[in-house]
Amino acid sequence: GKAAGGGKREGEGGEGAVNSKHGTCKTYDEAVNAALQDAMAKRTELIKQGILKPSERRQAHMKSDVAGVCFFGGSWCARFPSKRFKRTLCTSFKPKDLSPEEIAKARELAEAKRRQWEEEEGYTVKTTKARALQELRRLDTRGEPGLSWQTPMQRLLVRVSVQTRIIVTSLKPKSSSEEDIKNLIPRGIRYREMLKTVCKEHPEASSKEIIAE
C-alpha cells in the first residue's frame, strides 16, 4: 500500500536484497532500520561528549504515545519486534507536507500499523498491562529517610537501620484513592520511629517480633 503523500515499503514485504555496511539486508526497510539505529546511537554518543546539544522538546504534533512509533527524518516510523518473522518489522509514512494536519494524518497511519502488528501476534495484552502500569498511583518519598514507594506493588517500604540491624517491612494503603496513598507518608514516619524505638528497647527480639509489635 501507499503512505500519505508517497509510497512505502513494509518490513515484511519488501523485495530484493539491499547491500549496506551491515551486510546484505533482506529488505529496504531492514537497511533503513539498521541505519536508523546507528544514527540514534551516534547522536547519543555525541551528546554525551558535549559535541552535540540535546534537541528542544518536540512539538505535540510530532510526538506519539504509541510504543514503537516515532517521527524521524521527515516521516513517521512504525517498528515492531516480531517473534513470527524473528526480526524487527519497520515501515514509514511520509506526510504530504510538514503542516500539523498532514503530520497528524501520517502519524495515525503509523500508529494503526503498529497496532495491527500487535494484534496479529497477540501483543495487545502486554500493551494493555504496560498502559495500566502507567496509570498506577505515584508517591513522592524524597526527603523521608527509610521510606520508598513501590509503584508496581502499590506499597510503601519502611526501612530501619539500628546499629548492625536492618529491618524492612511494608505498608499498604487502605484504598487506591489519592488521599489514602498520601496518608501513607505520615503512617510510614510513625511506623519507622516505632520500629526504631522497639529495636533499641528490645535488642534481643527477632525482626518478626519487632514488626509484630
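Described below are features of the structure shown in this document. (Residues numbered from 1 in each chain as written. Predicted model: local features only at pLDDT ≥ 70, side-chain atom pairs only at ≥ 80, totals over all residues. Heavy atoms only, no water.)

### Focus on the pairing of strand β8 (residues 147-150)
Next, step 1: Residues Leu147 and Trp149 of β8 are buried on one face, while the alternating residues Ser148 and Gln150, pointing to the opposite face, are not.
Next, step 2: Relative to strand β9 (residues 155-162), β8 is paired through four bridges, and the arrangement is antiparallel. Counterpart to leucine 147 in the pairing with β9 is valine 158.
Next, step 3: In this antiparallel pair of consecutive strands, β8 and β9, the connection spans four residues, and glutamine 154 shows a positive phi of 55°. (Buried < 20%, exposed > 50% of the residue type's maximum accessible area, 1.4 Å probe, protein only. Helix = DSSP H or I, 4+ residues; strand = E, 2+ residues; numbered from the N terminus. Pairing = 2+ DSSP bridges.)

### A short note on the state of the cysteines
Next, step 1: Inspection of the entire model under this criterion finds zero disulfides.
Next, step 2: Free of any disulfide, cysteine 77 has its nearest neighbouring cysteine sulfur in cysteine 70, separated by 5.1 Å.
Next, step 3: Accessibility expressed as a relative area gives 5% for cysteine 77, which makes it buried. (Disulfide = S-S within 2.5 Å.)

### Quick look at the sheet that holds β9
The strands making up a sheet associate through backbone hydrogen bonding, with each pair oriented either parallel or antiparallel.
Next, step 1: The strand order across the open sheet built from three strands is β8-β9-β10, with neighbouring strands paired in antiparallel fashion. Looking at strand neighbours, the two that pair on one side only are β8 and β10 (165-171), the edges of this open sheet. Neighbour to neighbour, the strand axes of the sheet diverge by 25° on average, direction disregarded.
Next, step 2: Strand contacts of helix α5 (residues 184-201): β8, β9 and β10, with the helix running at about 25° to β9, the strand carrying the most contacts. (Axes fitted to C-alpha atoms, helices over the stretch in contact; angles between N-to-C directions. Contact = heavy atoms within 4.5 Å.)

### Section: unusual backbone geometry
Next, step 1: In this model, lysine 86 sits at a positive phi of 60°, which is unusual for a non-glycine residue.
Next, step 2: Considering the arrangement of structural elements, one finds lysine 86 in the loop between β6 (75-82) and β7 (87-93).
Next, step 3: Its relative accessible area of 77% is what places lysine 86 among the exposed residues.
Next, step 4: Although it is not a glycine, glutamine 154 adopts a positive phi angle of roughly 55°.
Next, step 5: Tracing the sequence through the fold places glutamine 154 in the loop between β8 and β9.

Any functional reading would require information that these geometric values do not contain.
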